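Survey of secondary and tertiary structure
Listed here are the chains, written in short residue letters.
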Protein chains: 2
Amino acid sequence: MTTHVVALDVGGTSMKGGLVTAGGDILLTDRRPTPRTEGPGKVIATIREFIADLAGAGETPPTAVGVVVPGPVSDNTAVYSSNIGWRDVPASDFNPLDVPIRLGHDVRSAGLAESVLGAARHQQDFLFLSIGTGIAGAMILNNTPYPGATGWSGEIGHIPVFPTGEQCACGQTGCLETYASAASIARRYTESLTRASSITPTPAPATPPTAEDVITRAERGDPQATEVWNEALEALTLALATYTLLLDPTSIVLGGGLSQAGPTLSTPVAERLQRKLTWRTAPQIHHTLLGTNAGMLGAALLAWKSTQPPTPPLDVPTHPPVP
Amino acid sequence: MTTHVVALDVGGTSMKGGLVTAGGDILLTDRRPTPRTEGPGKVIATIREFIADLAGAGETPPTAVGVVVPGPVSDNTAVYSSNIGWRDVPASDFNPLDVPIRLGHDVRSAGLAESVLGAARHQQDFLFLSIGTGIAGAMILNNTPYPGATGWSGEIGHIPVFPTGEQCACGQTGCLETYASAASIARRYTESLTRASSITPTPAPATPPTAEDVITRAERGDPQATEVWNEALEALTLALATYTLLLDPTSIVLGGGLSQAGPTLSTPVAERLQRKLTWRTAPQIHHTLLGTNAGMLGAALLAWKSTQPPTPPLDVPTHPPVP
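By the naming in an unreviewed UniProt entry, chain A goes by Glucokinase and is assigned to Sphaerisporangium rubeum. Here is the UniProt Sequence similarities (unreviewed entry) comment for chain A, exactly as written: "Belongs to the ROK (NagC/XylR) family."

Right under this line is the structure:
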């Protein structure tokens, strides 16, 4: 078996783990539930166990471990996750092995993976937009994920696209996520059916429709589905126009569950984006190449990085010293 | 006279030039009109002459020249300016002297100056927001102005804050600039007076009110002025909330003509921004310390940089090579 690292992508619902080579080949992969309801201690214990089992499944011991998690994070501390409920967990708490471990942010690491192994290879400046239950962005700037001053960059799901619109679960008004996440598309369609049935009584569907169902129905001309889908596309386009005007990216890579809609999503987004940007060329819209493996592959890249000699600091002085 | 550089900030209306030391002291400064209506050739000739005259005014020859201009620019080419009308002007065309010259973007260089000499000293990640006739931003990320993939970053004046709002002069809809620039505040107030006078005939003012007048009248309770000023504050707050959620800056530095309103501008912006950001702390709001000298001092920093030995490249590899 080739030299490899243990890579783990910890989500709110499940974790995806694997053994990954330096070239990004996945030697084996597995998935386990995240026992979130049992508290952060149980999640940490489950992560340790999963890492030990993955390491044991390899023919040789792993070279390092990479773990990507939601919420702000440094190389060696999981700072905070509202979803999982932890605060300031040192990387060593996750690591049952005697090899280096490196932590990373889930979406930013997925963006890193797309830049090294995926849809944005050789692109220095792009946005990886993950559209699933929520919406978050990884901003790759100068070839590196940009964390912001306090690790909270990329919260594109909560920018106010419709400033007098619906209240978001986060407490703010008109957030992108409340119109265009997979969960919101499904919820808003169900709500529109309920409103319609209070006028013309029709039986509510037995199982709630998914975002995928809404898109399919919109394509068939269902008026409520069309309205909800159009509002999602408009919200996405406004957010991407804003991103483009601020950050001037080469491209936007769509990932997360909703990106499985393929050209049904990307074609109207690309067309609307260019119409909105009247005086500049819109960046290209790509689909993730790594799909649901992006986060895990990002974790693997971080693990491999921990085995490299240190690189020169990025904040080299670029101006004369101030006396 | 101390060792110095020639620094020049080329605006659409006038140019500000000076001799500046390595510590940022301005030894002398002068202003000349930009002969924009006479074509780019005349502007370039005027720049050459201004640089020669500034150099001649020093007791010793300058060490280097820095020139900042509107529009996209590289270190050695002024790529484009719709305002001045030039395309791909090599830096050498501006330089009558036998010393190095360095070009820069006007707003990004002003942001650099605030980071080195001004309101954001020692801050690695902040927004310099210039609010004047137009609105533009300089994004200082990791201690360096970020140009974007093609030099068009920071167009915060044209992000859609009110997506179903007024058409901007740029052709897009609901841009920040069309509500909150000094020119737009004055225009929108005059328009509201015209609308009001078509209902209750009142004489139009002899000279059109400025943004400063509108703010003063809003403070005195004038209803039309209050409405226009509130919409400008709301537009600014939406744009800064979006910037904060995407970029996670330490602070926002307000510059440009409108920033002379001082706390009348910054206090309501800071309060509204924190109200809008329900789940995260708003960045601090500061005022420019360098005022109208920011661009020229940025030009001086670029000139001094051209005299330094080259620094290591910023794009050091941060991940293992891809086979």
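Having seen it, we continue.
Turning our attention to the overall build of chain A. Within chain A one finds 8 helices and 13 strands. Its C-alpha atoms give chain A a radius of gyration of 21 Å, within 12% of the compact-globule value 20 Å for 323 residues. Referenced to the eigenvectors of the C-alpha coordinate spread, the extents of chain A come out at roughly 65 × 55 × 40 Å. Buried positions account for 56% of the 323 residues belonging to chain A. A sequence separation of at least 24 residues applies to 63% of the contacts in chain A between residues at least 6 apart. By element, 52% of the accessible surface of chain A is carried by carbon and sulfur atoms, the whole surface being about 13,200 Å². In chain A, which carries 20 positive and 28 negative side-chain charges, the distance between the mean positions of the two groups comes to 3 Å.

This part is about the interface of chain A and chain B. For an interface, size is often stated in terms of accessible area lost upon the parts coming together. With 62 residues of chain A in contact, the opposing surface of chain B contributes 63 residues. Counting each side, the surface lost to burial between chain A and chain B is near 5,200 Å², with a carbon and sulfur contribution of 65%. When the area that chain A buries against chain B is broken down by residue, the three leading residues are Tyr146, Leu246 and Trp279 of chain A, summing to 13%. The interface formed by chain A and chain B includes 0 salt bridges. The interface formed by chain A and chain B holds 19 residue pairs in polar contact (both at pLDDT 80 or more) in total. Counting residues per element, the ones that place at least two in the side of chain A that touches chain B are α2 (106-117), β10 (135-141), α6 (223-247) and α8 (294-305) of chain A. Among the elements that take part in the side of chain A that touches chain B, α6 of chain A stands out by supplying 6 residues, more than any other. Here the residues of the side of chain A that touches chain B sort into 35 nonpolar, 19 polar and 8 charged.

All names here are of chain A. Each domain of chain A was delimited in the assignment, giving domain 1 (5-111 + 293-305) and domain 2 (121-288). Summarising the inter-unit geometry, the C-alpha centres of domain 1 and domain 2 are found 28 Å apart. Listed by partner, the interface residues are 6 residues for domain 1 and 14 residues for domain 2. Together domain 1 and domain 2 conceal approximately 790 Å² of surface at their shared face, both sides included; 71% is due to carbon and sulfur atoms. A per-residue breakdown of the area domain 1 buries against domain 2 is headed by Val107, Arg108 and Gly111, which together make up 69% of the total.

Next up on the list: the pairing of strand β9 (residues 126-131) of chain A. All names here are of chain A. Of all 6 residues making up β9, 6 are buried, and the element is well covered by its neighbours. Where β9 meets β10, 6 bridges bridge the pair, whose relative direction is antiparallel. Paired with Leu127 across the two strands is Met139, which belongs to β10. Hairpin geometry of β9 and β10 is characterised by an intervening segment of 3 residues between the two adjacent antiparallel strands.

Let's shift gears to the sheet that holds strand β7 (residues 87-90) of chain A. If you trace the 3 strands from one edge of the open sheet to the other, you get β5-β6-β7 (chain A), paired in antiparallel fashion. With partners counted over all chains shown, the strands left at the sheet margins are β5 (73-74) and β7 of chain A, one partner each.

The relative placement of two packed helices comes down to the angle between their axes together with the axis-to-axis distance. All names here are of chain B. Where helix α6 (residues 223-247) contacts helix α7 (residues 263-276), the axes come no closer than 9 Å and their chain directions differ by 55°. With respect to each other, α6 and α7 are oriented oblique. Taken as a pair, α6 and α7 cross one another with a handedness that is right-handed. Side by side, α6 and α7 meet where Trp229, Asn230, Leu233, Glu234, Leu236, Thr237, Leu238, Leu240, Ala241 and Thr244 of the first sit next to Thr264, Leu265, Pro268, Val269, Arg272, Leu273 and Lys276 of the second. Partitioning the contact of α6 with α7 into residue classes produces 10 nonpolar, 4 polar and 3 charged.

Turning to the relation of the copies chain A and chain B, a few remarks are in order. If you rotate chain A by 180° and push it 0.0 Å along the axis, it lands on chain B with an RMSD of 0.1 Å. Here the transformation between the copies is reduced to the relation of a two-fold axis. In this assembly the copies share their binding face: 100% of the residues contributing to the interface of chain A also contribute to that of chain B.

As a further point, take the sheet that holds strand β2 (residues 14-20) of chain B. Residue and element names in this part refer to chain B. One open sheet holds the 5 strands; their spatial order is β3-β2-β1-β4-β8, and the pairing between them is mixed. The strands lining the two open edges of the sheet, one partner per strand, are β3 (26-33) and β8 (101-105). Direction aside, neighbouring strands of the sheet carry axes that sit 15° apart on average. Both strand β1 (residues 5-10) and strand β4 (residues 65-69) contribute to a ladder of 4 bridges, which runs parallel. The residue of β4 that forms the bridge with Leu8 is Val67. Contacting β1, β2, β3 and β4, helix α1 (residues 40-57) crosses the sheet at an angle of about 25° to β2. Packed onto the sheet, helix α8 (residues 294-305) meets β1, β2, β3, β4 and β8 and runs at close to 135° relative to β1.

What follows is about the pairing of strand β12 (residues 251-255) of chain A. Residue and element names in this part refer to chain A. Taking burial as the measure, the 5 residues of β12 include 5 buried ones, the bulk of the element. Of the two faces of β12, the one carrying Ser251, Val253 and Gly255 and the one carrying Ile252 and Leu254 are both buried. Where β9 meets β12, 5 bridges bridge the pair, whose relative direction is parallel. Looking at the pairing, Leu127 lines up with Ile252 of β12. Sheet topology places β12 next to strand β13 (residues 284-287); 4 bridges connect them, and they run parallel. Paired with Ile252 across the bridge in β13 is Ile285. What joins β12 to β13 is helix α7 (residues 263-276), and the crossover it makes is right-handed.

With that settled, consider the nonpolar core. Among soluble globular proteins, nonpolar side chains are generally buried collectively. One finds Ile156 of chain A together with Ile156 of chain B to be the most contacted residues of the largest nonpolar core, which totals 90 residues. Once residues within four sequence positions are removed from consideration, Ile156 of chain A is found in contact with Leu127, Leu129, Ile135, Ala136, Gly137, Leu176, Ala239 and Tyr243 of chain A together with Leu246 of chain B. Residues Ala113, Ala119, Leu290 and Leu297 of chain A belong to the second largest nonpolar core, which totals 29 residues.

Another aspect to go through is α7 of chain B. Residues and elements named next belong to chain B. With 14 residues, α7 should reach 20 Å at 1.5 Å per residue; the first-to-last C-alpha distance of 19 Å fits that figure. Those residues of α7 that fall on the buried side of the exposure criterion are Leu265, Ser266, Pro268, Val269, Arg272 and Leu273. Along its buried surface, α7 packs onto β9 (126-131), α6, β12 (251-255) and β13 (284-287).

Rules used throughout
- Residues numbered from 1 in each chain as written.
- Chains lettered and ligands numbered in written order.
- Predicted model: local features only at pLDDT ≥ 70, side-chain atom pairs only at ≥ 80, totals over all residues.
- Heavy atoms only, no water.
- UniProt positions renumbered as here; feature names shortened; annotations may be inferred.
- Helix = DSSP H or I, 4+ residues; strand = E, 2+ residues; numbered from the N terminus.
- Rg over C-alpha atoms; globule rule 2.2 N^0.38 Å.
- Buried < 20%, exposed > 50% of the residue type's maximum accessible area, 1.4 Å probe, protein only.
- Contact = heavy atoms within 4.5 Å.
- Areas by Shrake-Rupley, 256 points an atom, 1.4 Å probe, with all protein chains shown as cover.
- Lys, Arg positive; Asp, Glu negative; His and termini not counted.
- Charge placed at Lys NZ, Arg CZ, Asp CG, Glu CD.
- Buried area = accessible area lost by both parts, 1.4 Å probe.
- Salt bridge = Lys/Arg side-chain N within 4 Å of Asp/Glu carboxyl O.
- Polar contact = N/O pair within 3.5 Å; in protein donor to acceptor, adjacent residues only side chain to side chain.
- Nonpolar A, V, L, I, M, F, W, Y, C, P; charged D, E, K, R; others polar.
- Domains from an automatic or database assignment.
- Pairing = 2+ DSSP bridges.
- Axes fitted to C-alpha atoms, helices over the stretch in contact; angles between N-to-C directions.
- Parallel < 35°, antiparallel > 145°, perpendicular 65-115°, else oblique.
- Left-handed = near helix turned anticlockwise from the far one by under 90°.
- Least-squares fit on C-alpha atoms with pLDDT ≥ 70 in both.
- Right-handed = clockwise from strand over helix to strand, strands pointing away.
- Core = buried A, V, L, I, M, F, W, Y, C linked by side-chain atoms within 4.5 Å.
- Expected span 1.5 Å × (residues − 1).

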